[in-house]
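# Structural description and commentary
So the chains spell out like this:
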Amino acid sequence: MAQPLLEVEDLRVSFATDQGTVQAVDGVSFHLNPGEVLSIVGESGSGKSVTAMSIVGLTRGPNARISGSVRYQGKELTTASNEELQAIRGDQIAMVFQDPMSSFNPVQKIGDQIIEAILAHRDMPKDEARARAVDSLGSVGIPDPSTRAQHYPFEYSGGMRQRAMIAMALALEPAILIADEPTTALDVTIQAQILELLKELNAERDLSVILITHDLGVVAEIADRVHVMYAGQIVEGGTLDEIFYDPQQPVHVGADGLIDAARSAAARSPAADRGAAALADLAARRLPLPASLPARVRQVRRAAGA
């Protein structure tokens, strides 16, 4: 069996605030295999996005405290210098965010922004970088990519901006793509197109993907394995069938919001029906909260009737 491409072990991330210390990620461990789609799913505030950003050092700051281990192809990233991380970030591990409009420079052409990202990591003539940028836009389904490369972000639709963001992320042919809620701001039809694009890229390029989402419909469409997060911890992990049909521990924590997401997804995806049914069954059985969760969290959930 191939060695994991990425290994995260006992990752802990906390932030000092005026109201005290916030433990955003609390002992998270997982691995990503080559060519695999791993989904990290959880309700808002569960720590999934902080986990993803911490992999590439985007949570570093004077008020942040990070411990544990993140190893990419055996290289430790938590202790890597900013220069070492900059060399890996975008080149070997790329990230796509939820809102591409806030990620793109609104006064710079899309093609120029992709070229800038390419030249930051590759020593090549600008004309060659421009050709690669156009090819990358075409590879994600942007029509007439040479013309579209000359357009500004506001001239793209929401779905096209997301495709352009994926094109920028893939222009350097990274080994890992981290997609943080890539379909949340899109309508149902465009969501399906983006998911299909991610599946095609995974199959054609053997691209490893970490998909961050709160939508079990998205999970059912694309994921090979799933981790469920709540209160900064992974409370369940396994294949789709294991998560939906044979949970290894109670998954009632955080399930209420996920049930709603699965039910809304069921209308557009037959595969999501099984997720909705399984989670509804978990809720009906009122499984107990895992004892491993912080006492304050369990008290809040009980007070809310969970």
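The structure this text deals with has already been given above.
Let us look at the structure shown here. The structure presented is a predicted model; accordingly, all values stated were derived computationally and were not measured.

### Here we look at the side chain of Ser39
Summarising the element assignment, Ser39 is placed in strand β3 (residues 37–41). Discounting residues that sit within four places of it in the chain, Ser39 has contacts with Leu211, Thr213, Val219, Ala223, Arg225, Val226 and His227.

### Some thoughts on the packing of helix α4 (residues 110–119) against helix α5 (residues 126–139)
Two elements in contact, α4 and α5, have axes whose closest approach is 9 Å; the angle formed by their N-to-C orientations is 115 degrees. The way α4 lies across α5 gives a crossing that is right-handed. On the side of α4, the interface is formed by Ile110, Gly111, Ile114, Ile115, Ile118 and Leu119, while α5 contributes Lys126, Ala129, Arg130, Arg132, Ala133 and Leu137. Grouping the constituent residues of the contact of α4 with α5 by class yields eight nonpolar, one polar and three charged.

### Here we look at the packing of aromatic side chains
All chains considered together, the criterion is met by one aromatic pair. Considering the side-chain rings of Tyr152 and Phe154, the 6.1 Å spacing of their centres and the 10 degrees angle between planes classify their relative orientation as stacked. Its guanidinium or amino end placed over the ring of Tyr156, Arg148 lies 5.3 Å from that ring's centre, counting from NZ or CZ.

### Some remarks on the pairing of strand β1 (residues 6–17)
Both β1 and strand β2 (residues 20–32) contribute to a ladder of 10 bridges, which runs antiparallel. By the bridge assignment, Val8 is partnered in β2 with Phe30. Hairpin geometry of β1 and β2 is characterised by an intervening segment of two residues between the two adjacent antiparallel strands. Bridge count between β1 and strand β4 (residues 64–72): eight bridges; the pairing is antiparallel. Counterpart to Ser14 in the pairing with β4 is Arg65.

### Let's talk about the environment of Val22
With respect to the helices and strands, the residue Val22 is situated in strand β2. Through-space distance from the C-alpha of Val22 to that of Ala64 is 9.6 Å; in sequence the pair is 42 residues apart. Setting aside residues no more than four positions away along its own chain, Val22 makes contact with Val13, Ser14, Phe15 and Thr17.

### Overview of the nonpolar core
Of all hydrophobic cores here, the largest spans 40 residues; its most connected members are Ile110, Ile114, Ile118, Leu137, Tyr156, Ile166 and Leu177. Elements that contribute at least two residues to this core include exactly β6 (93–96), α4, α5, α7 (158–170), β7 (176–180), α8 (188–205), β8 (208–213) and α9 (216–222). For this core, the element with the most residues is α7, which contributes eight residues. Leave out the neighbours within four places in its chain, and Tyr156 touches Ile110, Leu137, Ile142, Arg148, Ala149, His151, Arg161 and Ala164. Counting residues in hydrophobic clusters, the runner-up holds 30 residues, among them Val28, Leu32, Val70 and Ile88.

What counts, and where the lines are drawn
- One numbering rule holds for all chains: residues counted from 1, following each sequence as written.
- With pLDDT at 70 or above as the cut-off, local features in this predicted model cover only qualifying residues; side-chain atom pairs require 80 or more to be listed or tallied, and sums for whole chains, interfaces and linings still use all residues.
- Computation of side-chain values: all heavy atoms of the structure, hydrogens and water removed.
- Counting from the N terminus, the helices are DSSP H or I runs at least four residues long and the strands are E runs at least two residues long.
- By definition, residues are in contact when any of their heavy atoms lie within 4.5 Å.
- Axes here refer to lines fitted to C-alpha atoms; in helices the fit is confined to the stretch in contact. Angles between the N-to-C directions go from 0 to 180 degrees.
- With the far helix as reference, a near helix turned anticlockwise by less than a right angle produces a left-handed crossing, and one turned clockwise produces a right-handed crossing.
- Any residue outside Ala, Val, Leu, Ile, Met, Phe, Trp, Tyr, Cys, Pro, Asp, Glu, Lys and Arg is labelled polar, Gly included; the first ten of those are nonpolar and the last four are charged.
- Pairing of aromatic rings covers Phe, Tyr and Trp, the last through its six-membered ring, and needs centres within 6.5 Å; plane angles under 30 degrees mean stacked, over 60 mean edge-to-face, and all others mean tilted.
- For a ring to carry a charge above it, either NZ of a lysine or CZ of an arginine must fall within 6 Å of the ring centroid while also lying within 35 degrees of the normal to the ring plane.
- In this scheme, strands are said to pair when DSSP sees at least two bridges between them.
- Definition of nonpolar core: a set of buried residues of the types Ala, Val, Leu, Ile, Met, Phe, Trp, Tyr and Cys, connected through side-chain atoms within 4.5 Å.
- When accessible area is computed with a 1.4 Å probe and restricted to protein chains, residues below 20% of their type maximum are described as buried, those above 50% as exposed, and intermediate ones as partly exposed.

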